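These are the residues of each chain, in order.
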Amino acid sequence: MDFLLGGCAATCAGVFSNPFDVIKTRQQLQGELVDAAELQRNPYRSIPKSIESILKAEGLAGLQKGLVSALAFQFTMNSIRLGIYQSAEDFQWTRGKSKFGTLVYSIFWGGLSGVIGATVACPLYMVKTQIQATSHGKYAVGYQHNHTGTLAALSGIYRAGGLRGLWRGYPGIVTRTAIGSSAQLATFSTFKEFFVQFELFQQSVAFTAFAASMFSGFFCCVFMSPFDVIATRLFNQGVDGSGKGMLYRSVWDCFQKTLRAEGLHGLYKGFVPNYWRIAPHTILNLTFWDQFKSWKDLYY
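This section reports on the structure supplied with the text. Remember, predicted model here, so these are calculated numbers, not experimental data.

Criteria and thresholds
Residues numbered from 1 in each chain as written. Predicted model: local features only at pLDDT ≥ 70, side-chain atom pairs only at ≥ 80, totals over all residues. Heavy atoms only, no water. Helix = DSSP H or I, 4+ residues; strand = E, 2+ residues; numbered from the N terminus. Buried < 20%, exposed > 50% of the residue type's maximum accessible area, 1.4 Å probe, protein only. Core = buried A, V, L, I, M, F, W, Y, C linked by side-chain atoms within 4.5 Å. Salt bridge = Lys/Arg side-chain N within 4 Å of Asp/Glu carboxyl O. Expected span 1.5 Å × (residues − 1). Bend = angle between axes of the 7 residues up to and from the residue. Contact = heavy atoms within 4.5 Å. Axes fitted to C-alpha atoms, helices over the stretch in contact; angles between N-to-C directions. Parallel < 35°, antiparallel > 145°, perpendicular 65-115°, else oblique. Left-handed = near helix turned anticlockwise from the far one by under 90°. Nonpolar A, V, L, I, M, F, W, Y, C, P; charged D, E, K, R; others polar. 1 Å grid on protein atoms, 1.4 Å probe; cavity = no way out; pocket = protein on both sides within 12 Å on 5 of 7 lines; lining within 4 Å. Points joined across faces, edges and corners; volume = space filled by probe spheres on them. Phe/Tyr/Trp six-rings, centres within 6.5 Å; stacked < 30°, edge-to-face > 60°.

## Structural notes on the overall build of the chain
Thinking step 1. Counting its secondary structure elements, the chain contains 10 helices and 0 strands.
Thinking step 2. In sequence order, the chain lays out its α and β elements as α-α-α-α-α-α-α-α-α-α.
Thinking step 3. Judged by the C-alpha coordinates and their principal axes, the chain covers about 55 × 40 × 35 Å.
Thinking step 4. Residue burial in the chain is summarised as follows: out of 300 residues, 51% are buried.

Right, here's the structure in full:
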């Protein structure tokens, strides 16, 4: 039940956060390996401008591009991630002899659960990224894969590269998710314990989860953003006849090339929409999760 509740909570949150995920993906790919001073066009320079560009190119549906694959990824990854983490909490494996020890154990289990979830859901993240990046004309950024849908994309990638092709870029998502999950779940648990000391928060599970999620989302975004950029670029790059990436060989290679060509700013491209994606998603995801758990405890 804990695994199912985690997946359902993430899916509910994903409906609201997906438009910012689309914007974040476009901004991360815009001006890829190009110095900002040499960038000739910038259709996604801000959130309002990004929304305007997407509406012009693809209409209202463009803001929910890749929704099916995004929700499939959220359900698969978070049912495993949150289910494992909740099990670790139930067995008190996240509890240390001190507050610092508890934080360390929470970071470890948050990271481990994220790695396992990302390993299983990796193909769905690849498809989500490639579909969200697809546009046309002057609004197209990054490599254009032009998939017609989630199932068509999965079958096409499998035909071209086999199972190995579906997990191309896997090190990128593992790094991204391990760091993001550790930061999110550890800080969420820490802030939740802090807030429940106050009478105001003791009266509402949802309010406590909402407040803890606001702070958790900020820390998650700060630590995860550079690795999110790297994961997006690894998954979206084109491949040659042997199935190797045309631009990047590894996480480290992508990091070096991005930093050299675009500076530190390149590693934090899409930070604002990423925060507006992560913060509401964290708030909704973890609030739904806590609320669902309270209902489970009530009826079971």
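## Some points on the environment of Asp 35
Thinking step 1. Tracing the backbone shows Asp 35 in the loop between helix H1 (2-29) and helix H2 (47-58).
Thinking step 2. A relative accessible area of 35% means that Asp 35 is categorised as partly exposed.
Thinking step 3. Along the sequence, Asp 35 and Gln 197 sit 162 residues apart, while their C-alpha atoms lie 49 Å from each other.

## Overview of the nonpolar core
Considering soluble globular proteins, one finds that nonpolar side chains tend to be buried as a cluster.
Thinking step 1. Core analysis: the biggest nonpolar cluster contains 17 residues, and Phe 73, Tyr 125, Val 127, Ile 157, Ile 173 and Phe 235 have the highest contact counts within it.
Thinking step 2. Those elements that provide at least two residues to this core are helix H3 (67-90), helix H4 (99-133), helix H5 (150-166), helix H6 (170-195) and helix H8 (205-236).
Thinking step 3. Take this core: its biggest share by element is 8 residues, from H4.
Thinking step 4. By size, the runner-up hydrophobic cluster in this structure holds 11 residues, among which are Leu 29, Ile 54, Ala 57 and Leu 63.

## With respect to the pattern of salt bridges
Thinking step 1. Inspection of the entire model under this criterion finds 14 salt bridges.
Thinking step 2. For Asp 21, the salt bridge is made with Lys 24, and the minimal N-O distance between the two is 3.2 Å. One end of the pair is Asp 21 and the other is Lys 24, both in helix H1 and 3 residues apart, which spans about a single turn.
Thinking step 3. For the salt bridge of Asp 253 with Arg 249, the shortest nitrogen-to-oxygen distance reads 3.6 Å.
Thinking step 4. Assessed through its relative accessible area of 72%, Arg 249 is described here as exposed.

## Focus on H5
Thinking step 1. Its 17 residues give H5 an end-to-end C-alpha distance of only 12 Å, which falls more than 12% under 24 Å, the value for a rise of 1.5 Å per residue.
Thinking step 2. Along H5, the largest kink reaches about 105° and is centred on Ala 160.
Thinking step 3. Here H5 has its buried residues at Thr 150, Ala 153, Ile 157, Gly 165 and Leu 166.
Thinking step 4. If you follow the buried residues of H5, they end up packed against H3 and H4.

## A word on the packing of H4 against H6
Helix-helix packing is described using two parameters, namely the angle between the two axes and the distance between the axes.
Thinking step 1. Axis separation between H4 and H6 bottoms out at 7 Å; the angle between their running directions is 140°. Taken together, the axes of H4 and H6 are oblique relative to one another. Taken as a pair, H4 and H6 cross one another with a handedness that is right-handed. Residues Leu 103, Ser 106, Ile 107, Gly 110, Gly 111, Ser 113, Gly 114, Val 115, Ala 118, Thr 119, Cys 122 and Tyr 125 of H4 form the contact with H6, whose own contacting residues are Tyr 170, Ile 173, Val 174, Arg 176, Thr 177, Ala 178, Ser 181, Ser 182, Leu 185, Ala 186 and Thr 190.
Thinking step 2. When grouped by side-chain class, the residues that make up the contact of H4 with H6 number 12 nonpolar, 10 polar and 1 charged.

## Looking at the layout of surface pockets
Thinking step 1. A volume near 710 Å³ is recorded for the largest pocket.
Thinking step 2. Taken together, 31 residues line the largest pocket, and the ones lying closest to its centre are Gly 165, Arg 168, Val 239, Gly 243 and Lys 244.
Thinking step 3. Elements with a minimum of two residues in the lining of the largest pocket: H4, H5 and H6.
Thinking step 4. Grouping the amino acids of the lining of the largest pocket by side-chain chemistry returns 11 nonpolar, 15 polar and 5 charged.

## What about the packing of aromatic side chains?
Thinking step 1. By the definition in use, this model includes 15 aromatic pairs.
Thinking step 2. Measuring from centroid to centroid gives 4.9 Å for Phe 91 and Trp 93, while their planes differ by 20°, and the two rings are stacked.
Thinking step 3. Between Phe 195 and Phe 215 the ring centres are 5.8 Å apart and the planes differ by 45°, which places this aromatic pair in the tilted class. With Phe 195 in helix H6 and Phe 215 in helix H8, this pair connects stretches of sequence that are 20 residues apart.
Thinking step 4. On the basis of relative accessible area, Phe 215 is assigned to the partly exposed category, the value being 42%.

## Observations concerning empty space enclosed by the protein
Thinking step 1. This structure, assessed with the given rule, holds 2 cavities of 30 Å³ or more.
Thinking step 2. Considering only enclosed or pocket space, the largest cavity measures out at about 230 Å³ in volume.
Thinking step 3. Around the largest cavity, the lining is made up of 21 residues, and of these Met 77, Arg 176, Gln 184, Met 224 and Arg 277 lie nearest the centre.
Thinking step 4. When contributions to the lining of the largest cavity are tallied by element, the ones reaching two or more residues are H1, H3, H4, H6, H8 and helix H10 (271-299).

Nothing here speaks to function; it is all geometry.
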